[in-house]
Amino acid sequence: MLTVENISKTFHPGTINEKKALQDLSLTLEIGDFVTVIGGNGAGKSTLMNSIAGVFPVDQGRIVIDGNDITKQPEHKRAKYIGRVFQDPMLGTAAGMMIEENLAIAARRGKSPTFAWGLRNEEREQFRILLQELDLGLENRLTDRVGLLSGGQRQALTLLMATINQPQLLLLDEHTAALDPKTADKVLSLTQTIVTRHHLTTLMITHNMRDALRFGNRLIMLHNGKVLLDFDRFEKEKLTIPDLLAMFEKASGSELDNDRMLLG
């Protein structure tokens, strides 16, 4: 469903600040795969995510979603294929707009505007039902400004907005890293429910090894812009955090240097 084929990305080439963020990286996701991505500092996790989303062009290689080559497409044109939740809860919503307005914008993502784009009563009812499933009390706050919500509420809303049209690919970029542990667990549980219910193909970056092992049917570890380790469901179920650390050190020849991952 997603094919990332030999992509490379170098920032500031030819300068003292040159950084080879991705190096001939290839990755394939089948329909319904829920893949967790881990790696040390500078491993290429966010660069991979941004390359797929179209934040910047890759230097070489191809990116294909469901048979559509999107390598040259700008970010806004990829929106019809991709839903995304960022690490910062403030990035996925418009703070000055109402909850129902944010959801309406998300529901229309990737569609051509028409004269009938006003918010309808049946849409409001649909939004109430969706919000009720979040179990955060937002179903009765449709006209509240999003800026009044807590970080966890905004992140849950962003997750709902990113999946309201059941995208072909869901990108989760450390989407619980800025939340307290209790709220993070709540958002991860919602993530699991939504991904499973809609059979969404999902790529989730996490700094928490426990979460990487707990969620998804596959786990990959990046190092120096390449896929260093790739575990399927059956291999993943047998792994422990010490196993992962040992395998990383053996495959890379160095110790993992991401403090958040080690503490997680």
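No experiment lies behind these values; they were computed from the predicted model shown.

Calculation criteria
- Residues numbered from 1 in each chain as written.
- Predicted model: local features only at pLDDT ≥ 70, side-chain atom pairs only at ≥ 80, totals over all residues.
- Heavy atoms only, no water.
- Pairing = 2+ DSSP bridges.
- Helix = DSSP H or I, 4+ residues; strand = E, 2+ residues; numbered from the N terminus.
- Axes fitted to C-alpha atoms, helices over the stretch in contact; angles between N-to-C directions.
- Contact = heavy atoms within 4.5 Å.
- Phe/Tyr/Trp six-rings, centres within 6.5 Å; stacked < 30°, edge-to-face > 60°.
- Buried < 20%, exposed > 50% of the residue type's maximum accessible area, 1.4 Å probe, protein only.
- 1 Å grid on protein atoms, 1.4 Å probe; cavity = no way out; pocket = protein on both sides within 12 Å on 5 of 7 lines; lining within 4 Å.
- Points joined across faces, edges and corners; volume = space filled by probe spheres on them.
- Nonpolar A, V, L, I, M, F, W, Y, C, P; charged D, E, K, R; others polar.

K.L.:
Which residues make up the sheet that holds strand 6 (residues 82-85), and what values do they have?
P.N.:
Spatial ordering of the open sheet is given by 6-7-8-3-9-10, a layout of six strands whose pairing is mixed. Of all the strands in the sheet, just strand 6 and strand 10 (226-231) have a single pairing partner and so form its edges. Here the average twist between neighbouring strands, direction ignored, is 20 degrees. Alignment of strand 7 (residues 169-173) against strand 8 (residues 202-205), held across four bridges, turns out to be parallel. Paired with L171 across the bridge in strand 8 is L203. Strand contacts of helix 9 (residues 241-252): strand 3 (34-39), strand 9 (218-223) and strand 10, with the helix running at about 140 degrees to strand 10, the strand carrying the most contacts.

K.L.:
Give a detailed account of the packing of aromatic side chains, specifying residues and quantitative values.
P.N.:
One pair of aromatic rings is described through two measures. These are the centre distance and the angle between the planes. Counted by the stated rule, this structure contains one aromatic pair. Relative to F56, the ring of F11 lies with its centre 5.3 Å away and its plane at 90 degrees, an arrangement referred to as edge-to-face. Within this pair, whereas F11 is found in strand 1 (residues 2-11), its partner F56 is found in the loop between helix 1 (45-53) and strand 4 (60-65), the two being separated by 45 residues in sequence. Given a relative accessible area of 27%, F11 falls into the partly exposed group. Looking at F56, the relative accessible area reads 17%, which means it is buried.

K.L.:
I'd like a rundown of the layout of surface pockets, residues and numbers included.
P.N.:
Considered as a void within the structure, the largest pocket measures approximately 290 Å³ in volume. Lining the largest pocket we find 15 residues, and of these I82, G83, R84, F86 and R109 sit closest to its centre. Of all elements in the fold, only helix 2 (75-78), strand 6 and helix 5 (151-163) reach the threshold of two or more residues within the lining of the largest pocket. Tallied by class, residues from the lining of the largest pocket come to seven nonpolar, four polar and four charged.

K.L.:
Hey, could you go over empty space enclosed by the protein for me, with residue numbers and the actual values?
P.N.:
Taken as a whole and assessed by the stated rule, the structure comprises one cavity of 30 Å³ or more. Considering only enclosed or pocket space, the largest cavity measures out at about 40 Å³ in volume. Taken together, E174, H175, T176, A177, L188, M204, I205, T206 and H207 make up the full set of residues lining the largest cavity. Of the residues in the lining of the largest cavity, the class split is four nonpolar, four polar and one charged.

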